[in-house]
Amino acid sequence: MTLLYPGDGLVVPAGAGRTVKTPAQEVTFKVTGAHARIASTFEVVVPPGFDVGAHTHTRGEELFYVIEGELEVLAFEPTVRTRDDWRGWESATGARPVRAAPGTLILVPPGCPHAFANPTGKPARMLFQSAPPPDHERYFEELLELMDSPAGPDPAAVEALRARYDIQQLTPLRHAPLPARGSTR
């Protein structure tokens, strides 16, 4: 997957790329900062019950494209930021989190609260781009290492990691079955 000659393009065949896998998430690095100046690109398998938690980036821009399965997604500033669960948030214009089916694209500018969760019983798959590279590549590697711990991720370690990579966590990251809307956690 290395560019052989300056000016050449990059073709990443199906199934190619470096994959990092834990019980909480599977990320395949498709295009990295070694290949592109604009954005890193990943294929992400989101298991049932995974909730990235609402968060913002002051500098980064992200794009998500649902390939397979369904995700619940958010990309707006809510009128009230509750600390435990973003799924009930609403914007001043009435926007609410939506169920994203295959073909749904989510674009997140810097500063915009956003989140995704898999509330279904089946894995979902999405294409994810993060600009500028390579910070999200490094973040994924370190986060997946923390999440692979038998005891589960240490919240303080995850918080410190996110702070290093321009991520302000607004609601918790979770990787257990999500309760139905309206129930308590």
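Here, every reference points to the structure presented above.
Computed from a predicted model, the values in this text were never measured in an experiment.

Rules used throughout
Residues numbered from 1 in each chain as written. Predicted model: local features only at pLDDT ≥ 70, side-chain atom pairs only at ≥ 80, totals over all residues. Heavy atoms only, no water. Helix = DSSP H or I, 4+ residues; strand = E, 2+ residues; numbered from the N terminus. Rg over C-alpha atoms; globule rule 2.2 N^0.38 Å. Buried < 20%, exposed > 50% of the residue type's maximum accessible area, 1.4 Å probe, protein only. Contact = heavy atoms within 4.5 Å. Areas by Shrake-Rupley, 256 points an atom, 1.4 Å probe, with all protein chains shown as cover. Lys, Arg positive; Asp, Glu negative; His and termini not counted. Charge placed at Lys NZ, Arg CZ, Asp CG, Glu CD. Pairing = 2+ DSSP bridges. Phe/Tyr/Trp six-rings, centres within 6.5 Å; stacked < 30°, edge-to-face > 60°. Salt bridge = Lys/Arg side-chain N within 4 Å of Asp/Glu carboxyl O. Arc of directions from axis to C-beta.

Asks: Is there a simple way to explain the overall build of the protein chain in this structure?
Replies: When helices and strands are tallied, the protein chain shows two helices and 13 strands. A compact globule built from 185 residues would reach a C-alpha radius of gyration of about 16 Å, and the protein chain, at 16 Å, matches this within 12%. With the C-alpha coordinates of the protein chain rotated into their principal frame, the extents come out at 55 × 40 × 30 Å. A buried classification covers 41% of the 185 residues belonging to the protein chain. In the protein chain, 73% of the contacts between residues at least 6 apart in sequence involve partners at least 24 apart. In the form shown here, the protein chain has an accessible surface area of approximately 9700 Å², with 56% of it arising from carbon and sulfur atoms. Here the protein chain holds 18 positive side-chain charges and 22 negative ones, and the gap between their average locations is 3 Å.

Asks: Where do I start with the pairing of strand β11 (residues 124–131) in this structure?
Replies: Along any regular strand the residues' side chains alternate between the sheet's two faces. Summarising the sheet, strand β3 (residues 40–46) and β11 pair through seven bridges and their orientation is antiparallel. Bridged to Thr 41 within β11 is Gln 129. Pairing of strand β6 (residues 61–68) with β11 involves seven bridges; the strand directions are antiparallel. Among the inter-strand pairings, Phe 64 is bridged to a residue of β11, identified as Phe 128.

Asks: Would you take a moment to explain unusual backbone geometry for this structure?
Replies: Note on backbone geometry: most residues besides glycine have negative phi, and most peptide bonds are trans. A cis amide bond, omega -5°, links Ala 131 with the succeeding residue Pro 132. For Pro 132, the position within the fold is in the loop between β11 and α1 (135–147). In this model, Pro 133 is joined to Pro 134 through a cis peptide bond whose omega is 0°. Of note, Asp 166 is a non-glycine position whose phi angle comes to about 60°, a positive value. Here Asp 166 is to be found in the loop between α2 (155–164) and β12 (168–169).

Asks: Explain the pairing of strand β1 (residues 18–21) to me, please; I cannot follow it from the model alone.
Replies: As defined by bridge partners, β1 adjoins strand β2 (residues 26–31) across four bridges and the pair is classed as antiparallel. When the bridges of β2 are listed, Lys 21 appears paired with Glu 26. Linking β1 to β2, which pair antiparallel, is a turn of four residues.

Asks: What's the story with the packing of aromatic side chains in this structure? I'm lost.
Replies: Each aromatic ring pair is summarised here by two numbers: the centre-to-centre distance and the angle between the ring planes. The full count for this structure, using the stated rule, is nine aromatic pairs. Summarising the aromatic geometry, the rings of Phe 42 and Phe 128 are spaced 5.5 Å apart at their centres and angled 25° between planes, so their arrangement reads as stacked. Taken together, the residues span a long stretch of sequence, with Phe 42 in strand β3 and Phe 128 in strand β11 at a distance of 86 residues. As far as the burial class goes, Phe 42 and Phe 128 line up, both buried. Taken together, the ring pairs in this structure connect Phe 29, Phe 42, Phe 50, Phe 64, Phe 116, Phe 128, Tyr 139, Phe 140 and Tyr 165 into an aromatic cluster.

Asks: Could you clarify how one ought to interpret the pattern of salt bridges in this entry?
Replies: Oppositely charged side chains are able to pair whenever their charged atoms sit close together. A full pass over the atoms with the stated rule returns 13 salt bridges. A salt bridge links Arg 125 to Glu 43; the shortest N-O distance between them is 2.9 Å. Of this pair, Arg 125 sits in strand β11 while Glu 43 sits in strand β3, and the two are 82 residues apart along the sequence. The partner of Asp 166 in a salt bridge is Arg 59, and the shortest N-O contact between them spans 3.8 Å. With Asp 166 in the loop between α2 and β12 and Arg 59 in the loop between β5 (55–56) and β6, the pair connects residues that are 107 residues apart, well separated along the chain.

Asks: What's the story with α2 in this structure? I'm lost.
Replies: Side chains that are three or four residues apart share a direction in an α-helix, a result of its 3.6 residues per turn. For α2, the complete set of buried residues consists of Val 158, Leu 161 and Arg 162. Each buried residue of α2 lies within a common arc of 95° when the element is viewed along its axis, so the set occupies one face. Every exposed residue of α2 that faces more than 90 degrees away from the buried side is listed here: Glu 159, Ala 163 and Arg 164. Of the residues one or two after α2, Asp 166 is the one with positive phi, at around 60°.

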